[in-house]
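Structural overview for review
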Amino acid sequence: MALLPQILHSPHPRLGAAASPSPSRAFPRAPRLHASASRRGRLAAAAGASGSGSGPGPSSPEPYPPESDDGLVELPLFPLPLVLFPDATHALHIFEFRYRIMMHTVLQTDLRFGVVFAGSGGSAAEVGCVGEVVKHERLADDRFFLICKGQQRFRVARVVRTKPYLVAAVQWLEDRPPAEAPAPGEDAEALAADVEALMRDVIRIANRLNGKPEKEVGDLRRGLFPTPFSFYVGNTFEGAPREQQALLELEDTAARLRRERDTLRNTLNYLTAASAVKDAFPSSPSSG
């Protein structure tokens, strides 16, 4: 459900089933995943040595350890021009050689890999979300179609290796409880109720603008607590991946819901104005 494509100006590549950009585009000269010049050099070298999706099938996958000595979890990384939220699903088409190797490893271990947003500017985000493979199909030429579901969020602490694909040591992210009592109406539960009401209005007016019959909008929250509901709402902001990334990175449920509330209010104002213009200047059957 895409609510905001007209409001948030965030250029992004259009996806079919999915896209798998080369790390040479995802991490160009000074990738934000790296804190030191030496690690930047390793990543640039890996980008130059990348396969392009052609060549022989992958060899036996190299397993990766689930945890490093400092308590961080090692995770293969997949830079994509999309943002994965916890509990959201995405369909992916895996065709590039290095990521086919990665999928062989993932499917033989714990089915998990890290999705990090890589926009048109080239840099990759430091905060991402684990994708767990819930369904896959391996094709005759060793490509994969798969569906992954978002699990926990993470922050990249350091890059472990760059060949044949990126593996990073990550730390898990969880929303933090508020440091002090929120103001009346600003607690997470009240904000979630506000956000749901705004979403109902946005959907109702958007349907009207698109010529769809008006009908009662069902239960959007579906019994979700504020934190998973805030992720659900962020996932509906399709077409604005940079805004989605900002929401993913927040570690405060109330702050995420407040930002979503503000965005939905702006969207509602835009749609209300567009609806008023449409009513004032209805198109005639002979126009065009």
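What you see is a predicted model, and the numbers here were worked out from it, not measured in a lab.

**Side note on the overall build of the protein**
Secondary structure assignment for the protein yields seven helices and six strands. Ordered by position from the N terminus, the helices and strands of the protein form the series α-α-β-β-α-β-β-β-β-α-α-α-α. Expressed as a percentage of its 288 residues, the buried residues of the protein come to 45%. A fraction of 72% describes how many contacts in the protein between residues 6 or more apart in sequence connect residues 24 or more apart. Surface summary for the protein: the accessible area is close to 14,200 Å², and the carbon and sulfur share equals 52%.

**Points about the UniProt feature "coiled-coil region" (unreviewed entry) in the protein**
What UniProt calls "coiled-coil region" (unreviewed entry) maps, in this numbering, to residues 240-274. Across residues 240-274, the secondary structure splits into 89% helix and 0% strand, with the terminal C-alpha atoms separated by 20 Å.

**Brief notes about the pattern of salt bridges**
Scanning the model with the defined rule gives 17 salt bridges in all. Note that R261 is salt-bridged to E186, the shortest N-O span being 3.3 Å. One end of the pair, R261, is in helix α7 (residues 253-280); the other, E186, is in the loop between β6 (167-173) and α4 (188-209), with 75 residues separating them in the sequence. Assessed through its relative accessible area of 9%, R261 is described here as buried. What makes E186 partly exposed here is its relative accessible area of 22%. Residues R200 and E196 are paired through a salt bridge, measuring 3.4 Å at the closest nitrogen-oxygen approach. Taken together, the positions of R200 and E196, both in helix α4 and four residues apart, correspond to about one turn of that helix. Looking at R200, the relative accessible area reads 27%, which means it is partly exposed. Relative accessible area serves as the criterion here: at 12%, E196 is assigned to the buried category. Within the structure, one salt-bridge network assembled from shared partners comprises E186, D194, R258 and R261.

Quick notes on the rules
- Per chain, residue numbering runs from 1 following the sequence as it is written.
- Where local features are concerned, this predicted model is filtered to residues with pLDDT of at least 70; where side-chain atom pairs are given and counted, the filter is 80 or more; whole-chain, interface and lining totals use all residues.
- Note: side-chain values were computed over all heavy atoms of the structure, leaving out hydrogens and water.
- Only DSSP runs of H or I covering at least 4 residues are called helices, and only runs of E covering at least 2 are called strands; the numbering of each starts at the N terminus.
- We call a residue buried when its accessible area falls under 20% of the maximum for its residue type, exposed when it is over 50%, and partly exposed in between, using a 1.4 Å probe and counting protein chains only.
- Any two residues whose heavy atoms approach within 4.5 Å at even a single point are treated as in contact.
- What sets the accessible areas is the Shrake-Rupley method with a 1.4 Å probe; for residues, cover comes only from the shown protein chains.
- UniProt positions are given in the numbering used here, feature names are shortened, and annotations may be inferred rather than shown by experiment.
- Basic side-chain nitrogens of Lys or Arg form a salt bridge, by our definition, when they fall within 4 Å of a carboxyl oxygen of Asp or Glu.

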